[in-house]
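Fold and contact review
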Amino acid sequence: MVPELDDDQLRALIKACKGKNLRERRDEAIVRLMAETGARAGEIVGMSVADIDLKRGTAIVRRGKGGKGRTVPIGPQAARALDRYIRARRTHRLAQASALWLGDRGKGFSYDGLYVALRYRAELAGIPDFHPHVLRHTAAGRWLAAGGSEGGLMAVAGWSRRDMIDRYTRATSERRASEEARQLNLGDL
């Protein structure tokens with residue numbers, strides 16, 4: 001069972017990315033995008049600049065699992081982080097490259113780069129045993145906890161089977177059930 005980050009841990013992870021240089025802006029944009037959309041690390045790394053539409057608040061995932069693509073919504077905070085990153089990206093020596101994410105020291109950005117960058121941010125945030133896939137689990141759990149539909153989650157996450165919902169949200173299913181029971185207040189007779 002893969003644990004999900006709670007809201008305090010997610011805030012700490014985002015705070016660990018704060019800063020004005022390219023690397024800090026990139027890492028915050030990646031964390032916010034992954035935590036909001038549940039996109040896979042490989043899908044994030046494969047994004048191009050043209051895949052981001054800040055005016056519409058969407059991102060295109062072109063290289064999804066099984067070759068399936070999809071459009072995912074981006075909220076205001078993720079859009080703001082992406083905008084800041086894209087503006088900082090203009091000064092990079094590879095700014096004309098189509099790849100959205102660029103590495104520091106004038107290099108490109110790969111899955112390994114994403115893994116190392118996010119593990120570093122998690123270490124700064126005091127989150128043990130972190131790996132990027134935790135953000136996919138976190139996004140799924142937060143979606144359902146906020147009242148999002150299972151069908152909507154499947155579409156955004158790129159799932160074609162319902163059993164994936166249980167697989168990705170198992171760690172917080174009891175907490176969500178307890179909160180739902182309190183809201184239903186079935187004992188109030």
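Note that the structure is predicted; figures quoted are calculated from it, not measured.

Below, the discussion takes up helix α9 (residues 173–184). An ideal rise of 1.5 Å per residue puts 16 Å on 12 residues; α9 measures up with 16 Å between its terminal C-alpha atoms. Within two residues after α9, asparagine 185 carries a phi angle of roughly 50°, on the positive side.

To continue, consider empty space enclosed by the protein. Under the definition given, this model contains one cavity of 30 Å³ or more. Of the volumes computed, that of the largest cavity is approximately 40 Å³. Residue lining of the largest cavity: Glu36, Thr37, Gly38, Arg136, Ala139, Ala140, Trp143, Leu153, Val156, Ala157 and Trp159, and that is the complete set. The element contributing the most residues to the lining of the largest cavity is helix α6 (residues 133–145), with four residues.

If you add up the space inside the largest pocket, you get close to 330 Å³. In terms of lining residues, the largest pocket is bounded by 15 residues, among which Leu10, Arg32, Glu36, Gln77 and Arg142 are the most central. Those elements that place two or more of their residues in the lining of the largest pocket are α1 (7–15), α2 (22–37), α4 (76–89) and α6. Top element by residues in the lining of the largest pocket is α1. It accounts for four residues. Looking at the lining of the largest pocket, its residues break down into eight nonpolar, two polar and five charged.

Turning our eyes to something else, we now look at the nonpolar core. Within the largest apolar cluster, 42 residues are counted, with the highest numbers of intra-cluster contacts made by Ile44, Met47, Trp101, Leu114, Phe130 and Leu135. Residue assignment for this core shows that the elements contributing at least two residues are α1, α2, α3 (41–45), β2 (58–61), α4, α5 (111–124) and α6. When neighbours within four sequence positions are excluded, tryptophan 101 is seen to be in contact with Arg26, Ala29, Ile30, Leu33, Ile44, Val45, Met47, Leu82, Tyr85 and Phe109.

This brings us to the pattern of salt bridges. Under the counting rule described, the total for this entry stands at 13 salt bridges. Between glutamate 43 and arginine 70 there is a salt bridge, with its nearest N and O atoms 2.7 Å apart. Pair noted here: glutamate 43 is in helix α3 and arginine 70 is in strand β3 (residues 70–73), with a separation of 27 residues, a long-range link. For the pair glutamate 43 and arginine 70, one class covers both residues: buried. One salt bridge in this structure joins aspartate 83 and arginine 87, with 3.0 Å as the shortest N-O distance. In this pair, aspartate 83 and arginine 87 both sit in helix α4, four residues apart, roughly one turn of the helix. Overall, the relative accessible area of 29% leaves aspartate 83 in the partly exposed class. One salt-bridge network, in which partners are shared between bridges, spans Lys18, Glu28 and Arg32.

Conventions and cut-offs
Residues numbered from 1 in each chain as written. Predicted model: local features only at pLDDT ≥ 70, side-chain atom pairs only at ≥ 80, totals over all residues. Heavy atoms only, no water. Helix = DSSP H or I, 4+ residues; strand = E, 2+ residues; numbered from the N terminus. Expected span 1.5 Å × (residues − 1). 1 Å grid on protein atoms, 1.4 Å probe; cavity = no way out; pocket = protein on both sides within 12 Å on 5 of 7 lines; lining within 4 Å. Points joined across faces, edges and corners; volume = space filled by probe spheres on them. Nonpolar A, V, L, I, M, F, W, Y, C, P; charged D, E, K, R; others polar. Core = buried A, V, L, I, M, F, W, Y, C linked by side-chain atoms within 4.5 Å. Buried < 20%, exposed > 50% of the residue type's maximum accessible area, 1.4 Å probe, protein only. Contact = heavy atoms within 4.5 Å. Salt bridge = Lys/Arg side-chain N within 4 Å of Asp/Glu carboxyl O.

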